[in-house]
Amino acid sequence: MAATSTAPSLPPALADAVRDDASLRRFLHGLPGVDQVGVEQRAAGLGTRSIKKAAKLWAIDTAISMVDLTTLEGADTPGKVRSLAAKARRPDPERPEVPKVAAVCVYPDMVATAVQELQGTGINVASVATAFPSGRSSLKVKLEDTAFAVDAGATEIDMVIDRGAFLSGRYGQVFDEIVQVKHACGDAHLKVILETGELATYDNVRRASWLALLAGGDFIKTSTGKVTPAATLPVTHVMLQAVRDWRTQTGQLRGVKPAGGIRATKDAIKYLVAVHEVAGPEWLTPDLFRFGASTLLNDLLMQRRTQLEGHYSGPDYVTVD
Amino acid sequence: MSERISVAKTYKLYIGGAFPRSESGRSYPVTDTKGAFLANAAQGSRKDARDAVAAARKAFPGWSGATAYNRGQVLYRVAEVLEGRREQFVAEVGAAEGVAVKKAQALVDAAIDRWVWYAGWTDKIATVLGASNPVAGPYFSFSVPEPTGVVAVLAPQQSSLLGLISVVAPVVAAGNTAVVVASQDRPLPAVTLSEVLATSDLPGGVVNVLTGRTAEIAPWLASHADVNALDLTGAPEALRADLEQSAAGTVKRVLRTRPSEDFTREPDLSRIRAFVESKTVWHPIGV
């Protein structure tokens with residue numbers, strides 16, 4: 001394991017953890033276990049908070065500004081990416097005060113189109129890379145994939161970890177891959193997709209989160225959206241705890257991105273409550289928390305109209321995507 | 001042997017093929033015409049109405065896309081299940097409307113016949129309401145009636161079963177999906193009808209039944225942007241103008257009817273016609 005290649009300077013305890021394979025394993029397995037019943041109960045409990053009126057409107061606008069508007073289909077065309085970019089710039093054309101989304105997330109070959117459409121808007125272009133969504137390819141291909149997206153102008157890279165390697169305990173291999181992809185990213189932000197739906201236990205989610213943070217991931221992201229279950233509240237809780245503890249130990253702020261399966265405003269608000277309560281209010285910014293979503297944005301817009309117009313809105317009043 | 005203890009039922013709403021409690025947790029007592037307690041009914045709120053509209057919207061593509069023949073078969077099946085519950089309906093209609101058994105039987109029979117009558121219409125609507133239009137040009141122009149979409153139905157307040165079926169059946173026969181607000185003081189036949197619908201072949205969400213205060217729920221349905229049409233039959237007199245006005249905000253089709261409508265009268269096509277829209281197609285013909 002090429003542990004010395006990590007860029008950030010870590011406190012001694014963490015620097016020791018990434019010294020070699022054995023110490024990395026010792027560190028990850030030494031993390032406290034997750035109380036499954038406790039975290040699920042806590043997540044459900046926070047989900048019952050009632051957010052109304054002005055607070056709800058604020059939450060909706062904040063959530064809109066955190067959306068990574070995503071299209072990851074085999075059938076994506078430049079035209080579809082262009083219309084998505086238009087929606088990202090101005091989510092609700094009738095209401096210019098609606099904030100723009102945080103980023104548009106596409107496959108690497110669509111990055112150039114997205115970059116062209118979003119120039120000068122301040123909206124980031126995120127690209128999935130490293131043999132998304134399965135991550136089953138050689139490291140060389142994964143690095144090429146990353147470089148291709150970065151060269152095309154992507155400012156954020158969403159990489160997938162090798163779940164096969166992680167589950168069979170080859171943590172060092174996963175670590176090295178993240179480090180090298182991070183290197184290939186250059187200035188681009190790196191989001192590390194853990195694909196928690198395939199990790200089976202909360203303990204694994206916690207280990208994978210720490211592994212990604214140790215290797216230099218700027219964000220940890222729950223899922224690709226191609227596997228069920230995708231993002232869930234308890235899993236996001238565990239990841240939020242990881243970034244909070246990371247800040248306590250290193251002083252660095254790292255982000256979290258739940259992706260997949262968040263379709264309703266109500267769910268998005270539950271996530272925001274979790275961010276506030278588990279990580280802290282500093283994380284309530286698009287720099288540190290994102291929603292990977294496509295249909296969520298329409299529901300947020302409909303709810304926003306409902307709040308302002310005093311009657312329920314319908315899907316006929318937002319764009320079809 | 002000791003006397004059996006009567007069970008005081010608390011009914012629920014019918015939304016999307018399921019029977020949820022009201023989101024508000026409320027219920028209200030239902031009495032017969034003499035004031036004797038019959039059962040508790042769920043008191044639906046605006047959020048229940050919202051959920052019902054979402055369920056109806058979800059069911060619309062499947063129901064409107066089904067063949068007319070298939071819709072007819074499903075509705076005939078509903079009539080069969082209605083027939084099986086005849087005694088229960090007779091008792092409920094008798095209690096709700098304060099009529100003698102003979103009269104209640106006649107009302108229930110008429111209601112089931114009404115349902116069958118509308119079921120027979122599903123595959124004839126296009127023939128009767130559609131047309132091939134003579135045009136001056138080398139085109140074949142034809143018009144076909146298409147279902148309007150999600151219809152909010154305020155069921156009649158007096159006629160608890162015959163009236164209810166007379167307003168719901170034409171809506172679904174035409175291929176629409178419905179959100180029905182049952183009679184406020186006489187909701188039990190509507191609750192039983194929803195049990196019938198749940199155990200027949202009608203897909204969940206095609207008919208959703210809300211019980212509660214009509215004046216509370218109706219304005220939310222009238223202003224809801226995802227509702228395409230509104231039947232004002234059971235609307236409180238004082239509210240009609242307001243409901244029409246807010247329905248106009250999202251250009252709904254509104255069916256105004258006389259509040260004193262006599263449902264024992266032979267039905268006609270007007271209620272089906274009210275909830276279909278004509279699509280006209282011009283097709284070039286041979287050179």
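Here, every reference points to the structure presented above.
Residues numbered from 1 in each chain as written. Chains lettered and ligands numbered in written order. Predicted model: local features only at pLDDT ≥ 70, side-chain atom pairs only at ≥ 80, totals over all residues.

### Focus: the nonpolar core
With 99 residues, the main nonpolar core has Ala63(A), Val67(A), Val104(A), Phe175(A), Val192(A) and Leu211(A) as its most contacted residues. The biggest single contributor to this core is helix H10 (residues 202-215) of chain A, with nine residues. When residues no more than four places from it in sequence are discounted, the contact partners of Val67(A) are Val101(A), Ala102(A), Phe291(A), Ala293(A), Leu296(A) and Leu297(A). The next biggest cluster of nonpolar side chains, apart from the first, holds 87 residues, and it includes Val53(B), Val78(B), Ala190(B) and Ala235(B). (Core = buried A, V, L, I, M, F, W, Y, C linked by C-beta atoms within 7 Å. Buried ≥ 20, exposed ≤ 12 C-beta atoms within 10 Å, placed from the backbone. Helix = DSSP H or I, 4+ residues; strand = E, 2+ residues; numbered from the N terminus. Contact = placed C-beta atoms within 7 Å.)

### Remarks on the interface of chain A and chain B
How big an interface is tends to be stated in terms of the accessible area lost upon association of its parts. In this complex, chain A contributes seven residues to the contact, which on the side of chain B involves six residues. Looking at side-chain class alone, the side of chain A that touches chain B contains three nonpolar, three polar and one charged residues. (Nonpolar A, V, L, I, M, F, W, Y, C, P; charged D, E, K, R; others polar.)

### Let's talk about unusual backbone geometry
Excluding glycine, most residues fall at negative phi; most peptide bonds, likewise, are trans. Residues and elements named next belong to chain A. Each neighbour pair has its own omega, and for Phe 132 with Pro 133 the value is 0 degrees, a cis peptide bond. On the secondary structure map, Pro 133 appears in the loop between strand S3 (124-129) and helix H7 (139-151). A positive phi angle is found at Lys 53, which is not glycine, with a value near 50 degrees. Looking at the element boundaries, Lys 53 is found in helix H4 (residues 53-65). According to the C-beta neighbour criterion, Lys 53 is exposed, with 8 such atoms within 10 Å. Even without being a glycine, Ala 200 presents a positive backbone phi close to 75 degrees. In this fold, Ala 200 is placed in the loop between strand S5 (189-193) and H10. Exposure remark for Ala 200: the 11 C-beta atoms within 10 Å place this residue in the exposed category.

### A short note on helix H2 (residues 21-30) of chain A
Residues and elements named next belong to chain A. Along H2, the residues that are buried comprise Leu 24, Phe 27 and Leu 28. Seen along its axis, H2 keeps its buried residues to an arc of 95 degrees; they face one direction. The outward face of H2, more than 90 degrees from its buried face, is lined by the exposed residues Ala 22, His 29 and Gly 30. Residues of H2 that are buried sit in contact with helix H1 (12-17), helix H9 (171-185) and H10. (Arc of directions from axis to C-beta.)

### Regarding the environment of Met110(A)
All names here are of chain A. As for its placement among the helices and strands, Met 110 is situated in the loop between strand S2 (103-106) and helix H6 (111-118). As a C-alpha pair, Met 110 and Val 278 span 168 residues in sequence and 36 Å in three-dimensional space. Each residue touching Met 110, except ones within four places of it in the same chain, is listed here: Asp 76 and Val 81.

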